[in-house]
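# Results of the structural survey
Residue-level listing of the chains:
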Amino acid sequence: MMYPFMTLNDDTEITHSEMFSDGRVKVYIETPDIKDGFHHAVCWLPEYLWENISGYSETEMLYLKNLIKNNAHLILEYSQEGGILNAAVV
């Protein structure tokens, strides 16, 4: 199951999985593109292993890597609570 996490101004969607039994969480990033259809990338947390990168420039990837790094603690927390929409508000 993938949960919505964030939508950026350029319609980039960031989603994440539930936390797997090994403690890993899959983060999927997808941006619509008129020419290519979609650009996409996958990041595995907590090790920040990036794979299946398609269509993003080095500058775009630097931005996305920083964005995920700065929000990884939230993604990891929400992955254990059924996504941001189910997270308890304290």
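Report on the accompanying structure. (Residues numbered from 1 in each chain as written. Predicted model: local features only at pLDDT ≥ 70, side-chain atom pairs only at ≥ 80, totals over all residues. Heavy atoms only, no water.)

### A closer look at the overall build of the protein chain
- Scanning the protein chain for helices and strands turns up 1 helix and 5 strands.
- Since a compact globule built from 90 residues should have a radius of gyration of about 12 Å, the 13 Å found for the protein chain is in line with a globular shape.
- Each principal axis of the C-alpha atoms in the protein chain carries an extent, and together these give about 40 × 25 × 20 Å.
- Considering the protein chain as a whole, with its 90 residues, one finds that 36% of them fall into the buried category.
- In the protein chain, the proportion of contacts linking residues at least 24 apart, taken out of those at least 6 apart, comes to 28%.
- For the protein chain, the accessible surface area stands at approximately 5,700 Å², while carbon and sulfur atoms represent 54% of it. (Helix = DSSP H or I, 4+ residues; strand = E, 2+ residues; numbered from the N terminus. Rg over C-alpha atoms; globule rule 2.2 N^0.38 Å. Buried < 20%, exposed > 50% of the residue type's maximum accessible area, 1.4 Å probe, protein only. Contact = heavy atoms within 4.5 Å. Areas by Shrake-Rupley, 256 points an atom, 1.4 Å probe, with all protein chains shown as cover.)

### Some details on the packing of aromatic side chains
- With the rule as written, the count across this model stands at 2 aromatic pairs.
- Seen from their ring centres, phenylalanine 5 and tyrosine 78 are 6.3 Å apart, and the 45 degrees between their planes marks the pair as tilted. Of this pair, phenylalanine 5 sits in strand 1 (residues 2–7) while tyrosine 78 sits in helix 1 (residues 58–79), and the two are 73 residues apart along the sequence. An identical accessibility class is assigned to phenylalanine 5 and tyrosine 78; each is buried.
- On the numbers, 6.0 Å between centres and 45 degrees between planes, the contact of phenylalanine 20 with tryptophan 44 is tilted. A residue pair is termed long-range when its members are at least 10 positions apart, and phenylalanine 20 in the loop between strand 2 (13–17) and strand 3 (25–33) and tryptophan 44 in strand 4 (residues 37–45) qualify at 24 residues.
- One cation-aromatic arrangement involves arginine 24 over tryptophan 44; the distance from NZ or CZ to the ring centre is 4.3 Å. (Phe/Tyr/Trp six-rings, centres within 6.5 Å; stacked < 30°, edge-to-face > 60°. Lys NZ or Arg CZ within 6 Å of the ring centre and 35° of its normal.)

### A closer look at the nonpolar core
- Ranked by internal contacts, the top residues of the largest apolar core, which has 18 residues, are Ile14, Val27, Ile29, Leu45, Trp50, Ile68 and Ile75.
- Going through the elements one at a time, strand 3, strand 4 and helix 1 are the ones with two or more residues in this core.
- Among the elements that make up this core, the one with the highest residue count is helix 1 (7 residues). (Core = buried A, V, L, I, M, F, W, Y, C linked by side-chain atoms within 4.5 Å.)

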